[in-house]
Number of protein chains: 2
Amino acid sequence: MTTSTPIPLDTVLAHVDSSLDSAVERLFNLLRIPSISTQPVHAPDCRKAAEWLRQDLSAMGFSADVRDVHWAAPGHPMVVAHDATQAGKPHVLFYGHYDVQPTDPENLWKAPPFEPRLVEDATGRKVIVARGASDDKGQVMTFLEACRAWKAVHGSIPVQVSVLLEGEEECGGANLLPFLKEFSDELKADVALVCDTSMADRTTPGITTSLRGMMAEEIVIECASHDLHSGIYGNAAANPIALLCQILATLRDAGGRVTLPGFYDGILDPSPETRAQWKTLFPDDAALLEEAGLSIAAGEKAYTAIEQTWCRPSCEINGISGGYEGEGFKTVLPAKAMAKVSFRLVPGQDPDKIRKAFRAHINAALPADAKVTFTAHGGSPGFEVARDSQFLAPTLKALTDEWNVPAATIGCGGSIPVAGEVRDALGLDALMVGFAQADDRIHSPNEQYGLEAFHKGIRSWVRILAALADAG
Amino acid sequence: MTTSTPIPLDTVLAHVDSSLDSAVERLFNLLRIPSISTQPVHAPDCRKAAEWLRQDLSAMGFSADVRDVHWAAPGHPMVVAHDATQAGKPHVLFYGHYDVQPTDPENLWKAPPFEPRLVEDATGRKVIVARGASDDKGQVMTFLEACRAWKAVHGSIPVQVSVLLEGEEECGGANLLPFLKEFSDELKADVALVCDTSMADRTTPGITTSLRGMMAEEIVIECASHDLHSGIYGNAAANPIALLCQILATLRDAGGRVTLPGFYDGILDPSPETRAQWKTLFPDDAALLEEAGLSIAAGEKAYTAIEQTWCRPSCEINGISGGYEGEGFKTVLPAKAMAKVSFRLVPGQDPDKIRKAFRAHINAALPADAKVTFTAHGGSPGFEVARDSQFLAPTLKALTDEWNVPAATIGCGGSIPVAGEVRDALGLDALMVGFAQADDRIHSPNEQYGLEAFHKGIRSWVRILAALADAG
């Protein structure tokens, strides 16, 4: 590592503060483009948003272009841009997306979704309201404005920057992985930065460093060759719903642990420091579950609710069906029953091995005259930023400096495909840094992004870009 | 009991044999009336069948009439007839029904369903084919022909006979119980005889002496206040499908026994003789289950398949539903899940007590932040003819004499409402004697009744009527 004189930050941060109004105006211009990727009628709007971003990046001095994708429908283009003024410095690849969700139900919006407004919420907090405000146009622009400020003040960004902006994140994103593979030489950097996530809580910045993967199966158990009358056959004929219940009930023990042999093999707990940080952030399971109308964490007793969702694998029954499901009662003894079961996986777990263990569990539990059919769905491992990544500590410190609260490494119970795809195609760790809040109503009417999130988000990236300059 | 000179049977049986053709012709006339009770367009046909039977009974010397019912739709009339020539002798109340099932799918009938034919089946056996042949017009006429033969030869039937023929058995029969109650003084007899069941097997006559009752519940378990994303909440939020599976899986133990406290209280096993007889009739569980496409009896291991359905209570899950049940996969963590559960009950069990135990089992198993809603369905106890009924042994002996095979007391896993209603309204035991076969295709196209069943059925009743004369 080459040490260098610390780059003067204060002038860049001051520039961000003094030019906030014009940054908001630029964001509003982008928000006015209805780039709904899933609705074919908006395909030209998606291209328009891509063009707008290309022009903005070009105006800043990036070499930027709009590239068509051709692997899968709908084929909204990618924006790719490079700023090579700092060759020799660490190279970051920034990822965001310019497409947005549909706006229905339209009548629940207090103002048209593509006419962005700056309003005060009930608590007096200023928020930007529009479709895409926080997911993800507002977050994309925090990074671009940080780059702009560096260039305006110092003529250059402290690190080498490439930008990749997708137009299909909200509609499957099937073109991203093949695109990354096709242009892997061009896009390969030292680390990826993704801005599409939330803060740890309203005042605590965070880097999402782990995601859960998923392995899912649909199972159909068949017993009799046709539906039977439960009076004539009840007791003597195997009941596929009862078999299904027995099999599914034994997937977890009384302590909430999944019982499949080898299920927990390879899993590492978060560090004691991380667990302590989470405990400080989310001391009360009941408070965390309140929004869902619940109060008791249902998973492994040795873990808090936040640990259960962020760093522990789950086994969920997502659907079940069999026999008579309508009004009233029918005494049918059905021929078959179906369940959809998914496992959220954490790093260390092997989806294929767990699929095999699951199928073996079911096969072993069935009587000889019952049949089972399996249909595989999904099968992706969990994701975790390398715990010794040299980019992690400087980024956390930059966030801590900006927010005056120790930044947290946090998890996410679901999947964010880009993280795994960037690792698979480019071999890069992705640091997911975002400034959204749980109440930003992404995907819902009246989506919003706090003005402070936007402002301090820009300032955060200004600091992160400086901090990463010495992390190579 | 008054002993009397045995009544000469042989001349009556010979009369039955020599007049079989005209008996078949009478049955054909009844079968030609399309008395489908569930289709309003056939209401006049139902009344026509009732009229036909009234006339036939009157012609034999019964005082017979057709009586309207008014408690529930559709209101097809009852036929009531009395033959009082043997006042002082035991009084039997015969029950049957003149209504039939619809005929769809019409195109699967080899000949029109209301144009009865006498044909040979694949094995050379002569069968009567028509809707209602075995369910229940053919069976009703076995009894009426036996009465006719007694009157033709001896001028009287050996016992006092009342006849009650219903027109709503195939469409709910909601008028039967209030009718029995309204006319209980008139209809009260010493024993009821019901002809609407099958033989033990093709060559073994039987009396159905026990039926299972039923208690059913629909349960809905609710956890979260709305559907959740299994990525965000999976593990920490209670899954109502998983709770439902755990609760339902523990309703039976590994040996197939229902685990509810007190569930088996009050149940008596059949006598060793009865169990031995059943073992002879149905030695092989796999053979019995073959028609259902199964081979292993799924209930309590200490009982054979036939015992499991005839004399042991069951617990069946008749329906289950929750989460995403369509094509593909959705990683929803649903807010609620539903199951329909029924218990077939045998004599001795108390439906109310079992309902309470079931609800307690579920309430005890739920976490404090889950809710359950119960909806009661059904609630009728099992039925059994008094084991010491003085009418049982003579009837069994009469059947044994006719078929040259020891007659069996058999069970039925389902319900035959008339048995319980006759007991409730009139305080009578009902002996269910029938000559149908499992392959008679009742309720299906090409319904049939063996000519031998019809012929020997008449002869069986001739013998039973004589045998009961001394059982008072």
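For the structure, check the block above.
Residue positions are given per chain, counting from 1 as you read along its sequence in written order. Starting at A for chains and at 1 for ligands, labels are handed out in the order in which the entities are written. Local features in a predicted model are, by the rule used here, given only for residues with pLDDT of at least 70; side-chain atom pairs are given and counted only at 80 or more, and totals for whole chains, interfaces and linings are based on all residues. Side-chain measures were taken over the full set of non-hydrogen atoms in the model, leaving aside hydrogen atoms and water.

Asks: Give a description of the pairing of strand E6 (residues 160–166) of chain B that names residues and reports values.
Replies: Residue and element names in this part refer to chain B. Note on classification: 1.4 Å probe, protein chains only; a residue is buried when its accessible area is under 20% of the maximum for its type, exposed when over 50%, partly exposed between these limits. The numbering of helices and of strands both runs from the N terminus, where a helix is a DSSP run of H or I of at least 4 residues and a strand a run of E of at least 2. Across the seven residues that make up E6, a large majority, seven, are buried. Strands were regarded as paired on the criterion that DSSP finds at least two bridges between them. Where strand E2 (residues 78–83) lies against E6, five bridges are found, and the strand directions are antiparallel. Among the inter-strand pairings, alanine 81 is bridged to a residue of E6, identified as valine 163. Relative to E6, strand E3 (residues 91–97) runs parallel, the two being bridged by seven bridges.

Asks: Pulling in residues and values, what's your account of the sheet that holds strand E13 (residues 336–345) of chain B?
Replies: Spatially, the eight strands line up as an open sheet ordered E14(A)-E9(A)-E13(A)-E11(A)-E11(B)-E13(B)-E9(B)-E14(B), and their pairing is antiparallel. The strands lining the two open edges of the sheet, one partner per strand, are strand E14 (371–380) of chain A together with strand E14 (371–380) of chain B. For this sheet, the mean angle separating the axes of adjacent strands, direction not counted, is 20°. Pairing of strand E9 (residues 213–222) of chain A with E14 of chain A involves eight bridges; the strand directions are antiparallel. Along E14 of chain A, the bridge assignment pairs glutamate 217 of chain A with alanine 376 of chain A. In what follows, a contact means two residues having at least one pair of non-hydrogen atoms within 4.5 Å. Whenever a helix is involved, its axis is fitted only over the stretch in contact; in every case the axis is a line through C-alpha atoms, and angles between N-to-C directions fall within 0 to 180 degrees. Across the sheet, helix H8 (residues 240–249) of chain A touches E9, strand E11 (314–323) and strand E13 (336–345) of chain A together with strand E11 (314–323) of chain B, and the angle it forms with E13 of chain A is around 15°. Along the sheet, helix H12 (residues 351–365) of chain B contacts strand E9 (213–222), E13 and E14 of chain B; its crossing angle with E14 of chain B, the most-contacted strand, is approximately 165°.

Asks: I'd like a description of unusual backbone geometry, backed by residues and values.
Replies: All names here are of chain B. Cis geometry is found at the peptide bond from aspartate 104 to proline 105, where omega equals 0°. Mapped onto the elements of the fold, proline 105 is located in the loop between E3 and strand E4 (117–120). Residue aspartate 135 is joined to aspartate 136 through a cis peptide bond whose omega torsion reads 10°. Topologically, aspartate 136 is positioned in the loop between strand E5 (126–129) and helix H4 (137–154).

Asks: Break down the packing of aromatic side chains for me, with residues and values.
Replies: By convention here, two paired aromatic rings are described through the distance between centres and the angle between planes. Two rings from Phe, Tyr or Trp (for Trp, the six-membered ring) form a pair when their centres sit within 6.5 Å of each other. Planes less than 30 degrees apart are called stacked, planes more than 60 degrees apart edge-to-face, and all others tilted. Across all of its chains, the model carries 24 aromatic pairs over all chains by this definition. A ring pair is formed by phenylalanine 263 of chain A and tyrosine 264 of chain A, whose centres lie 5.0 Å apart and whose planes are at 85°; its orientation type is edge-to-face. We note that phenylalanine 263 of chain A, like tyrosine 264 of chain A, is buried. Here the aromatic rings of phenylalanine 343 of chain B and phenylalanine 358 of chain B are separated by 5.5 Å at their centres, their planes lie at 75°, and the arrangement is edge-to-face. Of this pair, phenylalanine 343 of chain B sits in strand E13 while phenylalanine 358 of chain B is found in helix H12, placing the two residues 15 residues apart along the sequence. A network of ring pairs unites the aromatic residues Phe94, Phe143, Trp403, Phe435 and Trp461 of chain A as a single cluster. Whether a charge sits over a ring comes down to the Lys NZ or Arg CZ being within 6 Å of the ring centre and within 35 degrees of the ring normal. The lysine or arginine in question, arginine 67 of chain A, covers the ring of phenylalanine 183 of chain A, its NZ or CZ lying 4.8 Å from the ring centre. A cation sits over an aromatic face here: lysine 151 of chain A above phenylalanine 62 of chain A, 5.6 Å from the ring centre.

Asks: Before we move on, can you summarise the packing of H4 of chain B against helix H15 (residues 451–468) of chain B with the specific residues and values?
Replies: Residue and element names in this part refer to chain B. Taken N-terminus to C-terminus, the directions of H4 and H15 make an angle of 50°; their axes are 8 Å apart at the nearest point. Between H4 and H15, the interaxial angle falls into the category oblique. In the crossing of H4 with H15, the sense of the turn from one axis to the other is right-handed. From H4, Gly138, Met141, Thr142, Phe143, Glu145, Ala146, Cys147 and Trp150 reach across to H15, where they touch Ala453, Phe454, Gly457, Ile458, Trp461, Val462, Leu465 and Ala466. Taken together, the residues of the contact of H4 with H15 break down into 12 nonpolar, three polar and one charged. Relative orientations are named as follows: roughly parallel for angles under 35 degrees, roughly antiparallel for angles over 145 degrees, roughly perpendicular for angles from 65 to 115 degrees, and oblique for any other angle. If you view the pair so one helix is near and one far, a crossing is left-handed when the near helix is turned anticlockwise from the far one by less than a right angle, and right-handed when it is turned clockwise. Note that Gly is not counted as nonpolar here; it falls among the polar residues with everything else outside the nonpolar set of Ala, Val, Leu, Ile, Met, Phe, Trp, Tyr, Cys and Pro and the charged set of Asp, Glu, Lys and Arg.

Asks: If you had to explain the interface of chain B and chain A to someone new, which residues and values would you point to?
Replies: If you look at the interface, chain B gives 76 residues, while chain A gives 76 residues. The term buried area means the drop in 1.4 Å probe accessible area that two parts suffer when joined, counted for both and summed. Buried surface at the junction of chain B and chain A, both sides included, amounts to about 5400 Å², of which 56% is carbon and sulfur. When residues of chain B are sorted by the area they lose upon contact with chain A, Asn235, Asn318 and Phe329 of chain B head the list and together hold 15% of the total. Whenever Lys or Arg places a side-chain nitrogen within 4 Å of a carboxyl oxygen from Asp or Glu, that contact is recorded as a salt bridge. The interface formed by chain B and chain A includes zero salt bridges. N or O atoms within 3.5 Å of each other form a polar contact, as long as, within protein, one can give a hydrogen and the other can take it, and as long as residues adjacent in sequence are counted only when both atoms are side-chain atoms. Remark: the boundary between chain B and chain A carries 46 residue pairs in polar contact (both at pLDDT 80 or more). Here the side of chain B that touches chain A gets 10 residues from one element, more than from any other, and that element is E11 of chain B. Both E11 of chain A and E11 of chain B contribute to a ladder of five bridges, which runs antiparallel.

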